[in-house]
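So you can see what is in the structure, the chains are spelled out below.
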Amino acid sequence: TCCSDYTNTCVLHQKPPGLPSAEPAPQPPATPPAQPLQGPPAQPPANPAPNPPGAGGAYVHHYDHANPLRIAVAPQRSNNYFLVIGDWGKAFGPGPCQMAVAEKMKQYITMQKAAGKNLLFIASVGDNFYWSGVTPASWAKQWANVYGA
């Protein structure tokens, strides 16, 4: 198939022996907090950051600290992992290569779950929706139905 060489690169990687653990290094005992500096209170900058090009109004970031996706982190750091995929899209897709990679990902996630590992998220990078951008229909067809979201 068109994917034979491509999917052979999708190998389940394990940490080679001898590499340091992902666990944080022990920390030295806490030191007493430093005394605050004396002086006038800090003032906000006179000129706030400019709006991004083409924004046409006040800049609004969309970060939501309330964790709307309810990502739960396992207490032991090494039990958490995430996946990153990029340039997975195909015009009017999905195609056979995308389906093959999605199947490899599902196998890997199943194996990690059986080992007690916690998938935090899948990051998507690159240009994945072509010509007309993402729509609810293209999202369903090219992402949710393929990767099982």
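Parameters at a glance
- Residues numbered from 1 in each chain as written.
- Predicted model: local features only at pLDDT ≥ 70, side-chain atom pairs only at ≥ 80, totals over all residues.
- Heavy atoms only, no water.
- Helix = DSSP H or I, 4+ residues; strand = E, 2+ residues; numbered from the N terminus.
- Buried < 20%, exposed > 50% of the residue type's maximum accessible area, 1.4 Å probe, protein only.
- Contact = heavy atoms within 4.5 Å.
- Areas by Shrake-Rupley, 256 points an atom, 1.4 Å probe, with all protein chains shown as cover.
- Pairing = 2+ DSSP bridges.
- Right-handed = clockwise from strand over helix to strand, strands pointing away.
- Polar contact = N/O pair within 3.5 Å; in protein donor to acceptor, adjacent residues only side chain to side chain.

## Describing the overall build of the protein chain
Along the protein chain, the regular secondary structure elements total three helices and two strands. A burial count over the protein chain gives 17% of its 149 residues as buried. For the protein chain, long-range pairs separated by at least 24 residues make up 83% of all intrachain contacts whose partners lie at least 6 apart in sequence. For the protein chain, the accessible area works out to roughly 12000 Å², and carbon and sulfur atoms hold 63% of it.

## Observations concerning the pairing of strand β1 (residues 80–86)
Of the strand pairs in this sheet, β1 and strand β2 (residues 118–125) are connected by six bridges, and their pairing is parallel. Bridge pairing in β2 links Asn80 to Asn118. A crossover connection joins β1 to the parallel β2 through helix α2 (residues 96–114); in handedness this β-α-β unit is right-handed.

## A closer look at the side chain of Asn80
Among the secondary structure elements, Asn80 is positioned in strand β1. In this structure the side chain of Asn80 is engaged in a polar contact, spanning 2.9 Å, whose partner is the side chain of Asn118. Each residue touching Asn80, except ones within four places of it in the same chain, is listed here: Val73, Ala74, Asn118 and Leu120.

## A closer look at unusual backbone geometry
A positive phi is found at Asn67, a non-glycine position, where the angle reads about 60°. Along the chain, the position of Asn67 falls in the loop between α1 (4–8) and β1. The class for Asn67 is partly exposed, based on a relative accessible area of 32%. In the Ramachandran plot, Asp87 falls in the positive-phi region, its phi being about 50° despite a non-glycine side chain.

Such coordinate-based values are descriptive only and should not be taken to indicate function.
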